[in-house]
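As a plain string of letters, each chain reads:
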Amino acid sequence: MMPNWSQLPEELLNLISKNLDNCFDVVHARSICRSWRSAFPFPSSLSTLSYSLPTFAKFPLVSKDLCTLKKIQIFLFRARNPAADIPEYFLGGIDQDQSNDHMELPSPLQCSVKVKFPQSDPFLVNMLDYQIIPLGFQYIMIGWDPESLANGYVGVAFLPVKKNGGDEFVVLLRYRNHLLVLRSSEMRWMKVKKTSIASCKGLVSFRGRFYVTFLNGDIYVFDPYSLEQTLLMPSEPLRSSKYLIPNGSDELFLVEKFNPFPEADVLDLSRFACRVSRLDEEAGQWVEVTNLGDRVLFIGHFGNVCCSAKELPDGCGVSGNSILFTNEPGYVTFAYKYGVHTGRAEDELNIWRFSREIRVMIVNTFPVVALRLERQAENLALDT
């Protein structure tokens with residue numbers, strides 16, 4: 001006979017709730033019955049913060065229309081389907097508004113969430129069928145342009161600030177050739193006077209500051225209170241494409257991708273290299289690193305994320321201490337590793353290069369990025 005879990009004493013329920021450290025274990029527990037749902041609060045890590053802000057679609061004109069800034073939690077999902085020849089992976093967000101948390105659940109007990117990819121109809125996914133790994137969060141602007149077909153705008157960074165004894169926030173936004181800022185105390189978009197002459201390429205928030213990269217390679221730190229800008233370049237500048245990858249609130253990585261042979265007659269993308277640095281916040285400088293430990297950096301479509309290879313199911317075919325670009329031109333790419341032997345005498349060893357251990361096929365880039373790791377015949381799909 002099936003045990004009647006609804007009869008479990010309240011003191012045992014409280015003890016269980018205090019020992020669940022995975023947010024989806026809590027969601028699973030809430031799906032058992034109404035008494036369990038009452039005993040287990042909805043996990044705060046899945047709660048979606050949202051703010052109503054003025055739209056910026058017609059800037060510098062002031063609009064009365066509103067858009068919504070949402071903080072979306074990002075997770076890696078792996079389908080538990082041992083019969084499948086190619087396991088599937090999705091990197092995406094879960095919105096509490098999309099959770100099927102308040103529905104009467106059928107028997108056998110299930111917990112499902114509604115998943116929606118851009119330009120697709122939402123569908124229910126049974127969380128009990130997935131292994132789920134948290135990867136942080138992303139801010140997305142929803143409804144910023146009523147005339148746009150895009151569902152969300154991701155060129156935005158958010159920071160909470162303490163000012164005048166109260167809780168406020170600052171939003172920094174990359175829009176066209178401008179940098180715009182909005183303070184919660186004023187609720188209007190203003191143009192930021194950039195120190196760099198180039199357009200903004202990417203921006204992140206990290207430990208109370210904004211970090212912004214520009215198309216000419218400049219990197220600036222923005223103070224959220226004064227918007228004072230400080231140049232933060234590597235000690236040996238490279239002509240490179242620069243990417244910022246936060247590892248939660250612990251570390252901020254800078255990956256510079258460059259051509260070691262700019263004078264060559266033929267551009268060979270397979271010979272591009274990378275330099276990786278980690279921010280030393282106290283010293284105010286970038287420190288080059290040659291070992292990422294068990295970390296894997298994913299860079300490209302739908303944002304940059306960092307995770308531990310130990311958390312990836314079967315490594316997803318990607319081992320630690322590696323970098324994988326999902327926005328490479330063409331349909332074939334490889335992970336970058338440090339100290340790869342290419343067999344060519346002119347190729348420097350002490351650098352991050354293509355490792356041809358695993359050939360990665362970029363099967364699709366919309367509505368999700370689908371990657372096939374050929375050596376282990378695995379499939380990885382990325383989306384936010």
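Because the structure is a prediction, the values reported are computed rather than measured.

A. Molecular detail of the sheet that holds strand S12 (residues 200–206). As summarised here, the arrangement of the 4 strands in space is S12-S13-S14-S15, forming an open sheet in which the pairing is antiparallel. On the outer flanks of this sheet lie S12 and strand S15 (229–231), each paired with one strand and no other. Going across the sheet, the axis of each strand differs from the next one's by a mean of 25°, ignoring polarity. Pairing between strand S14 (residues 219–222) and S15: 3 bridges, direction antiparallel. Bridging from a neighbouring strand, Tyr220 pairs with Leu231 of S15.

B. Just helix H2 (residues 23–30), in detail. Of all 8 residues that make up H2, 7 are buried, and the element is covered over most of its length. Of all the positions in H2, only Cys23, Phe24, Val26, Val27, His28, Ala29 and Arg30 are classed as buried.

C. Expanded view of the pairing of strand S10 (residues 178–183). In terms of residue burial, S10 counts as a mostly covered element, since 5 of its 6 residues are buried. As consecutive antiparallel partners, S10 and strand S11 (residues 189–191) are separated by 5 residues, and within that stretch Met187 has a phi angle of approximately 55°, a positive value.

D. Region of the structure containing the pattern of salt bridges. Taken as a whole and judged by the stated rule, the model has 10 salt bridges. Across the pair Arg271 and Glu346 runs a salt bridge, and its minimum N-O distance is 3.2 Å. In this pair, Arg271 is assigned in the loop between strand S17 (251–258) and strand S18 (273–280) and Glu346 in the loop between strand S24 (336–338) and strand S25 (352–354), connecting sequence segments 75 residues apart. Residue classification places Glu346 among the partly exposed positions, given a relative accessible area of 48%. Here Arg271 ties to Asp347 by a salt bridge, and the two come within 2.6 Å at their closest N and O atoms. Placement of Arg271 in the loop between S17 and S18 and of Asp347 in the loop between S24 and S25 is noted, with a sequence separation of 76 residues between them. Of the two residues examined, Arg271 and Asp347, each falls in the buried class. One connected set of salt bridges, linked through shared partners, spans Arg271, Arg344, Glu346, Asp347 and Arg353.

E. Region of interest: the side chain of Glu168. You can see Glu168 is positioned in strand S9 (residues 166–175). Despite being buried, Glu168 has no salt bridge partner; Lys163 is the closest side chain of opposite charge, sitting 5.2 Å away. Leaving out residues up to four positions away in the same chain, Glu168 has contacts with Leu159, Pro160, Val161, Lys163, Ser184 and Ser185.

F. Structural context of the confidence of the model for the protein chain. Of the residues in the protein chain, 74% have a pLDDT of 70 or more, and the chain-wide mean is 78. Here residues 98–110 scores under 50 on pLDDT; set against residues more than four positions off or in separate chains, the count is 25 contacts. This stretch, residues 376–384, has a pLDDT under 50; its non-local contacts, to residues over four places away or in other chains, come to 53 contacts.

G. Expanded view of the packing of aromatic side chains. According to the stated counting rule, one finds 16 aromatic pairs in the structure shown. A ring pair is formed by Tyr243 and Phe325, whose centres lie 5.5 Å apart and whose planes are at 70°; its orientation type is edge-to-face. Placement of the pair is Tyr243 in strand S16 (residues 241–247) and Phe325 in strand S22 (residues 322–325), with a sequence separation of 82 residues. Pair check on accessibility: Tyr243 and Phe325 agree, each one buried. In this structure an aromatic cluster arises from ring pairing among Tyr243, Phe325, Phe334, Tyr336 and Phe354. In this structure, Lys201 packs its charged tip against the face of Tyr243, placed 4.1 Å from the ring centre.

H. Quick look at the nonpolar core. By size, the foremost hydrophobic cluster in this structure holds 19 residues, and its most contacted members are Leu53, Phe56, Met141, Val171, Leu173 and Trp189. Looking at this core, the elements with two or more residues in it are strand S2 (66–79), strand S6 (130–142), strand S8 (156–163), S9 and S10. Counting residues per element, this core draws most heavily on S9, which supplies 4 residues.

Basis of the calculations
- Counting of residues starts from 1 at the beginning of each chain's written sequence and follows it residue by residue.
- In keeping with the model being predicted, local features are shown solely for residues with a pLDDT of at least 70 and side-chain atom pairs are shown and tallied solely at 80 or more, while totals for entire chains, interfaces and linings include all residues.
- Computation of side-chain values covers all heavy atoms of the structure but excludes hydrogens and water.
- Two strands are counted as paired when DSSP detects at least two bridges linking them.
- Under the DSSP-based scheme used, a helix requires at least four consecutive residues in state H or I and a strand at least two consecutive residues in state E, with every element numbered from the N terminus.
- What counts as an axis is a line fitted to C-alpha atoms, over the stretch in contact for a helix, and the angles between N-to-C directions run from 0 to 180 degrees.
- When accessible area is computed with a 1.4 Å probe and restricted to protein chains, residues below 20% of their type maximum are described as buried, those above 50% as exposed, and intermediate ones as partly exposed.
- A side-chain nitrogen of Lys or Arg and a carboxyl oxygen of Asp or Glu constitute a salt bridge if their distance falls within 4 Å.
- His is not counted, nor are the chain ends, whereas Lys and Arg count as positive and Asp and Glu as negative.
- What makes two residues a contact is simply this: any of their non-hydrogen atoms within 4.5 Å.
- For every residue, the predictor assigns a confidence score, pLDDT, that lies between 0 and 100.
- Two aromatic rings from Phe, Tyr or Trp, using only the six-membered ring of Trp, form a pair when their centres are within 6.5 Å; if the ring planes differ by under 30 degrees the pair is stacked, by over 60 it is edge-to-face, and anything between is tilted.
- In our convention, an over-ring charge means Lys NZ or Arg CZ found within 6 Å of a ring centre and within 35 degrees of that ring's normal.
- What we call a nonpolar core is a set of buried Ala, Val, Leu, Ile, Met, Phe, Trp, Tyr and Cys residues that are connected through their side-chain atoms within 4.5 Å.

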